[in-house]
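What the coordinates show
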Amino acid sequence: MAASATPLVLSELAAKLGCELISGGDTLVCGVAALSDASAGDLSFVRSERYQAAFAASRAGAVIVGTDVDPAGRPAIRAADPTRVFSRAGALLIAPPRPAPGRHPGAQVEPDALVDATATLGPGVYVGSGARIGARSVLYANVSVYGDVEVGADCELHAGVVLREGTRIGARVRLQPGVLVGGDGFGFLPEDAGPVRSVPQVGRVVIEDDVEIGAGTTIDRATLGETRIRRGAKIDNLVMIAHNCDIGEDAIIVAQSGLAGGTRVGSRAILMARVGSAGQLEIGDGAFVGARSGLHRDVPAGGRVWGSPAVEERAWHREIAGLRRLPDALRRLRRIEARLGLRPARGPSDEGEGES
């Protein structure tokens, strides 16, 4: 099932994008492509004059250019941020594939589940007792929806998604293959003597509207109350979100990050790849956490931290710069110690004295 194109003349596309048309308003645009791959019917983009040579060699029929790019008389739209505008243009020109409404014969729906007539259920889909599937939502192959789950309108649940009991999903939510929502949190209590006992996980997960979650990500149900992913949050592949976390509106969490129980992430905060947090921490609105950072304390609103353990960004840069100078500093120190008779001399050059 291929994506379908909606051709537009360049003047109409410029008007829809709210951008300046430079020339070639009657040029018909049928698709989008990179400069190196584009053909006469494609729209491409040029961020800056750095890419002028690639632009000159491209066969693109039309381009979106930055403010410092000379379009050289070719059909063009001008934009302050060509990358963002190109993304919007792609959404206007190319409609993603969408299967027809209906149930595959291999789908199983419990008698008291409510599935909207405009929804799509693929082969191997299971919808449990009391579950509700909203209008125009698509459940691809082998999606499992447990009992008492709500899925809103216009959602996409890709192959192998599992929604455990009690989960609530808003509208226009996209879950990539293998996402697990509502699994039991890692709650165990060691006894003074005897086996480690599990703590009942009786809460639920709530995912608000316009959230997107990448392949293989897991979001645990709350021990009590809710684990909540707020409106517009974007979560990458292979992210682990533990029980009772709260992810703010339009927050971004990048691949392989892991948040321990009770972590709160503020609105529009950004966590880069492989961030790890201790439990019960607060990451403030608009905060930025650099890749591979380990959080052991709260991050204030607007704060920028890096490293493990994480420190303020400027301090981290100083530490990294200092580490690069450390071997040479150690060699100088040991030469001084040798001259003062505090250690045996290691030869005239003392090469390799950075080792401990």
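The following paragraphs examine the structure supplied in this document. (Residues numbered from 1 in each chain as written. Predicted model: local features only at pLDDT ≥ 70, side-chain atom pairs only at ≥ 80, totals over all residues. Heavy atoms only, no water.)

1. So, the pattern of salt bridges
- Across all of its chains, the model carries 29 salt bridges by this definition.
- A salt bridge links Arg 264 to Glu 282; the nearest nitrogen and oxygen atoms lie 3.8 Å apart. You can see Arg 264 sitting in strand S35 (residues 264-265) and its partner Glu 282 sitting in strand S38 (residues 282-283), a full 18 residues away along the chain.
- Salt-bridge contacts for Arg 314 lead to Glu 312; the nearest nitrogen and oxygen are separated by 3.1 Å.
- Each of the salt bridges in this network shares a partner with another, and the network as a whole consists of Arg 204, Glu 208, Glu 226, Arg 228, Arg 230, Asp 246, Arg 264 and Glu 282. (Salt bridge = Lys/Arg side-chain N within 4 Å of Asp/Glu carboxyl O. Helix = DSSP H or I, 4+ residues; strand = E, 2+ residues; numbered from the N terminus.)

2. Quick word on the sheet that holds strand S11 (residues 108-109)
- Spatial ordering of the open sheet is given by S11-S14-S17-S20-S23-S28-S31-S34-S37-S40, a layout of ten strands whose pairing is parallel. The open sheet terminates on both sides in strands that have one partner only, identified here as S11 and strand S40 (294-295).
- As defined by bridge partners, strand S31 (residues 240-241) adjoins strand S34 (residues 258-259) across two bridges and the pair is classed as parallel. Looking at S34, one finds that Ile 241 is bridged to Leu 259. (Pairing = 2+ DSSP bridges.)

3. Re a nonpolar patch on the surface
- A contiguous nonpolar patch, built from Phe 186, Phe 188 and Val 196 and spanning about 360 Å² of accessible area, is present on the exposed surface.
- Among the structural elements, Phe 188 can be located in strand S24 (residues 188-189).
- When its relative accessible area of 41% is taken as the criterion, Phe 188 is described as partly exposed. (Patch = residues over 30% accessible without salt bridge, like charges linked within 9 Å, V, L, I, M, F, W, Y side chains within 5 Å. Areas by Shrake-Rupley, 256 points an atom, 1.4 Å probe, with all protein chains shown as cover. Buried < 20%, exposed > 50% of the residue type's maximum accessible area, 1.4 Å probe, protein only.)

4. Topic: the side chain of Gln 201
- Here Gln 201 lies in the loop between strand S25 (197-198) and strand S26 (204-207).
- Among the residues examined, Gln 201 registers a relative accessible area of 10% and is labelled buried.
- Only 3.5 Å separates the side chain of Gln 201 from the backbone nitrogen of Gly 185, close enough to count as a polar contact.
- Polar side-chain contacts of Gln 201 include one of 2.8 Å to the backbone oxygen of Val 199.
- The contacts of Gln 201, once residues within four sequence positions are left out, are Asp 184, Gly 185, Gly 187, Arg 221, Ala 222, Thr 223 and His 243. (Polar contact = N/O pair within 3.5 Å; in protein donor to acceptor, adjacent residues only side chain to side chain. Contact = heavy atoms within 4.5 Å.)

5. Observations regarding the sheet that holds strand S32 (residues 246-247)
- Strand order in the open sheet formed by nine strands is S12-S15-S18-S21-S26-S29-S32-S35-S38, and the pairing between neighbours is parallel. With one partner strand each, in any of the chains shown, strand S12 (114-115) and S38 form the two edges of the open sheet.
- Sheet topology note: the S12/strand S15 (residues 132-133) ladder contains two bridges and is parallel. Looking at S15, one finds that Leu 114 is bridged to Arg 132.

6. Some points on the packing of helix H1 (residues 10-17) against helix H3 (residues 82-93)
- The contact between H1 and H3 brings their axes to 10 Å, and the two run at 115 degrees. For the element pair H1 and H3, the recorded crossing hand is right-handed. Contact residues: H1 offers Leu 13, Lys 16 and Leu 17, while H3 offers Val 85, Arg 88, Ala 89, Leu 92 and Leu 93.
- A breakdown of the residues in the contact of H1 with H3 according to their chemical character gives six nonpolar, no polar and two charged. (Axes fitted to C-alpha atoms, helices over the stretch in contact; angles between N-to-C directions. Left-handed = near helix turned anticlockwise from the far one by under 90°. Nonpolar A, V, L, I, M, F, W, Y, C, P; charged D, E, K, R; others polar.)

7. Here we look at the nonpolar core
- In this structure, Leu 163, Ile 207 and Ile 247 are the most contacted members of the largest nonpolar core, which totals 50 residues.
- Not counting the four nearest positions on each side in its chain, Ile 247 is found in contact with Arg 228, Ile 229, Arg 230, Ala 233, Ile 241, Ile 253, Leu 259 and Val 265. (Core = buried A, V, L, I, M, F, W, Y, C linked by side-chain atoms within 4.5 Å.)

8. Quick notes on H1
- All of the buried residues along H1 are Leu 10, Leu 13, Ala 14 and Leu 17. Looking straight down H1, one finds its buried side chains confined to an arc of 100 degrees; they lie on one side.
- Phi turns positive, to about 70 degrees, at Gly 18, one or two residues after H1. (Arc of directions from axis to C-beta.)

9. Comments concerning unusual backbone geometry
- In this structure, Pro 309 follows Ser 308 across a cis peptide bond, with omega equal to 0 degrees.
- In this fold, Pro 309 is placed in the loop between strand S41 (304-306) and strand S42 (311-312).
- Here the phi dihedral of Arg 172 falls at roughly 60 degrees; this positive angle occurs in a residue that is not glycine.
- Examined against the element boundaries, Arg 172 turns out to sit in the loop between strand S21 (168-169) and strand S22 (174-175).

10. Quick notes on the pairing of S26
- Summarising the sheet, S21 and S26 pair through two bridges and their orientation is parallel. Bridge pairing in S26 links Arg 168 to Val 206.
- Direction of pairing for S26 relative to strand S29 (residues 226-229): parallel, over a ladder of four bridges. Looking at the pairing, Val 205 lines up with Thr 227 of S29.

11. Brief notes about the packing of aromatic side chains
- A full pass over the atoms with the stated rule returns four aromatic pairs.
- Geometrically, the ring pair formed by Phe 186 and Phe 188 is edge-to-face, given 4.9 Å between the ring centres and 65 degrees between the ring planes.
- Overall, Phe 186 belongs to the exposed group, its relative accessible area being 71%.
- Of the aromatic side chains, those joined through ring pairs into one cluster are Phe 288, Trp 306 and Trp 316. (Phe/Tyr/Trp six-rings, centres within 6.5 Å; stacked < 30°, edge-to-face > 60°.)

12. Topic: the state of the cysteines
- Within this structure, the stated rule accounts for zero disulfides.
- We note that Cys 30 lacks a disulfide partner, and the nearest cysteine sulfur, in Cys 19, lies 20 Å from it.
- You can call Cys 30 partly exposed: its relative accessible area is 33%. (Disulfide = S-S within 2.5 Å.)

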